Amino acid sequence: MSQADVAGGWPHSPPRPRRRRPAQAIAGVLALVSLSVCAGAVAGLVRELTRPPTTAERERAVREEIGRRWQAWPAGKIFPATVPYVLDVGGRESARRVGIGPDRPCGTAVDDPLRAPFHTYGCRAVVRATYLDQLQGLAITVGVAVFPDEPAAAAAVTRLPSGGKPSPGLRTLSFAGAVASRFGDAARQSAVARHRGPYVVMATIGYADGRPEGGTKQKQDYLDAVAPQLAESVLGSLTAPARPDCSSPQWSC
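Residues numbered from 1 in each chain as written. Predicted model: local features only at pLDDT ≥ 70, side-chain atom pairs only at ≥ 80, totals over all residues. Heavy atoms only, no water.

Quick one: what's the story with the pattern of salt bridges, residue by residue and with numbers?
Summed over the entire model, instances satisfying the criterion amount to nine salt bridges. Among the ionic pairs, Arg128 bridges to Asp103, the shortest N-O distance being 3.3 Å. With Arg128 in strand S3 (residues 125–132) and Asp103 in the loop between strand S2 (91–100) and helix H5 (106–109), this pair connects stretches of sequence that are 25 residues apart. Among the salt bridges present, the one from Glu232 reaches Arg196, with a minimum N-O distance of 2.6 Å. Taken together, the residues Glu232 in helix H8 (residues 217–239) and Arg196 in strand S5 (residues 188–196) connect sequence positions 36 residues apart. A relative accessible area of 31% means that Glu232 is categorised as partly exposed. What you see here is one network of salt bridges that share partners, running through Arg194, Arg196 and Glu232. (Salt bridge = Lys/Arg side-chain N within 4 Å of Asp/Glu carboxyl O. Helix = DSSP H or I, 4+ residues; strand = E, 2+ residues; numbered from the N terminus. Buried < 20%, exposed > 50% of the residue type's maximum accessible area, 1.4 Å probe, protein only.)

Okay, structure coming up:
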């Protein structure tokens with residue numbers, strides 16, 4: 001080493017390049033990855049929220065809306081003031097609504113032998129209304145039994161008697177002071193049941209003056225013609241598919 005070097009002090013080493021710590025590098029990479037994942041998730045969420053509903057989602061929304069109608073609709077929409085029917089002799093006539101029952105428990109609307117089966121299949125309610133035929137000689141009680149879904153409703157129907165037998169079945173609904181005030185369970189002449197979706201619609205018919213089961217064959221044919229048409233009319237309206245409006249809070253698409 002020269003004197004000049006000694007005089008000038010100890011020689012200085014050239015500066016070494018600074019190295020990034022591995023932990024800092026990894027953190028930076030992870031941050032970039034997280035941002036990328038978040039951006040992708042947000043983009044996917046936006047696409048999901050803005051895409052049109054699928055066919056399956058629309059069908060589900062229709063089923064759910066139909067299943068809520070017994071609660072969402074006014075009683076007068078379930079049971080219109082008049083319901084048309086057609087006879088082979090006499091042509092087109094209309095049944096007039098006498099009243100709508102305030103009670104909804106399943107157990108009070110059907111005969112005792114049906115209470116346990118209806119409970120087993122998850123009966124939620126039975127709403128009833130009574131009608132008079134156009135000549136006001138016949139009374140018809142129509143009941144809508146509500147079940148969780150279509151399989152439950154279909155199973156419940158199998159517990160009702162066949163061949164138009166009225167018992168065990170829907171109980172009559174009478175109103176004091178009305179023409180059909182004497183229409184009780186003993187006056188039931190014939191009955192019918194239809195099911196679609198989560199609903200079972202039952203109709204039982206008899207004489208408005210309360211006379212017990214019986215009558216001429218011609219009159220019995222008339223009885224058998226009216227009740228099925230009223231049941232189908234109420235059921236058809238209650239289960240008619242509506243076009244879903246997925247922008248409305250009333251729909252869940």
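Can you break down the pairing of strand S4 (residues 138–146) residue by residue, with the values?
For S4, the buried fraction is high: nine of the nine residues fall into the buried class. Here S4 shows a buried face lined by Leu138, Ile140, Val142, Val144 and Val146 and a second buried face lined by Ala139, Thr141, Gly143 and Ala145. Two strands pair when backbone bridges link them, and S4 and strand S6 (residues 199–207) are joined in this way by nine bridges, in the antiparallel orientation. Across the sheet, residue Ile140 finds its bridge partner in S6, namely Ile205. (Pairing = 2+ DSSP bridges.)

Account for the state of the cysteines, naming residues and giving values.
Enumeration according to the criterion identifies one disulfide in this entry. Covalent S-S linkage joins Cys106 and Cys123, the inter-sulfur distance amounting to 2.1 Å. Negative torsions about the S-S bond denote left-handed disulfides, and the value of about -90° found for Cys106 with Cys123 makes this one left-handed. Of the two residues, Cys106 is situated in helix H5 and Cys123 in the loop between helix H6 (112–120) and S3; the sequence distance between them amounts to 17 residues. What makes Cys123 buried here is its relative accessible area of 16%. (Disulfide = S-S within 2.5 Å.)

Hey, could you go over the environment of Pro241 for me, with residue numbers and the actual values?
Inspection of the secondary structure puts Pro241 in the segment after H8. Judged by its relative accessible area of 67%, Pro241 is exposed. Residues Pro241 and Val62 lie 179 residues apart in sequence; the distance between their C-alpha atoms is 6.5 Å. Discounting residues that sit within four places of it in the chain, Pro241 has contacts with Val62, Ile66 and Arg69. (Contact = heavy atoms within 4.5 Å.)

Describe the nonpolar core, and please don't skip the residues or the numbers.
Membership of the largest hydrophobic core comes to 34 residues, with the highest contact counts inside it found for Phe79, Tyr131, Val142, Val144, Tyr199, Val226 and Leu230. Put simply, the parts of the chain that give this core at least two residues each are helix H3 (55–72), strand S1 (82–87), S3, S4, S6 and H8. Once residues lying within four places of it in the same chain are set aside, the contact partners of Phe79 are Arg97, Ile100, Val127, Arg128, Ala129, Tyr131, Val142, Val144 and Val234. (Core = buried A, V, L, I, M, F, W, Y, C linked by side-chain atoms within 4.5 Å.)

Give a detailed account of helix H7 (residues 150–157), specifying residues and quantitative values.
Looking at H7, one finds that the buried residues are Ala152, Ala153, Ala156 and Val157. Along H7, the residues classed as buried sweep out an arc of 140° about the axis, all on the same side. On its buried side, H7 packs onto H6, S5 and S6. (Arc of directions from axis to C-beta.)

With reference to specific residues and values, describe the sheet that holds S6.
With respect to topology, six strands assemble into an open sheet ordered S1-S2-S3-S4-S6-S5, the strand pairing being antiparallel. Both edges of this open sheet fall to S1 and S5, since each of them pairs with a single strand only. Adjacent strand axes in the sheet meet at a mean angle of 30° when their direction is disregarded. Examined bridge by bridge, S2 and S3 share four bridges and lie antiparallel to one another. Bridge pairing links Ile100 to Ala129 in S3. Running at roughly 45° to S6, H3 makes contact with S3, S4 and S6 of the sheet. (Axes fitted to C-alpha atoms, helices over the stretch in contact; angles between N-to-C directions.)

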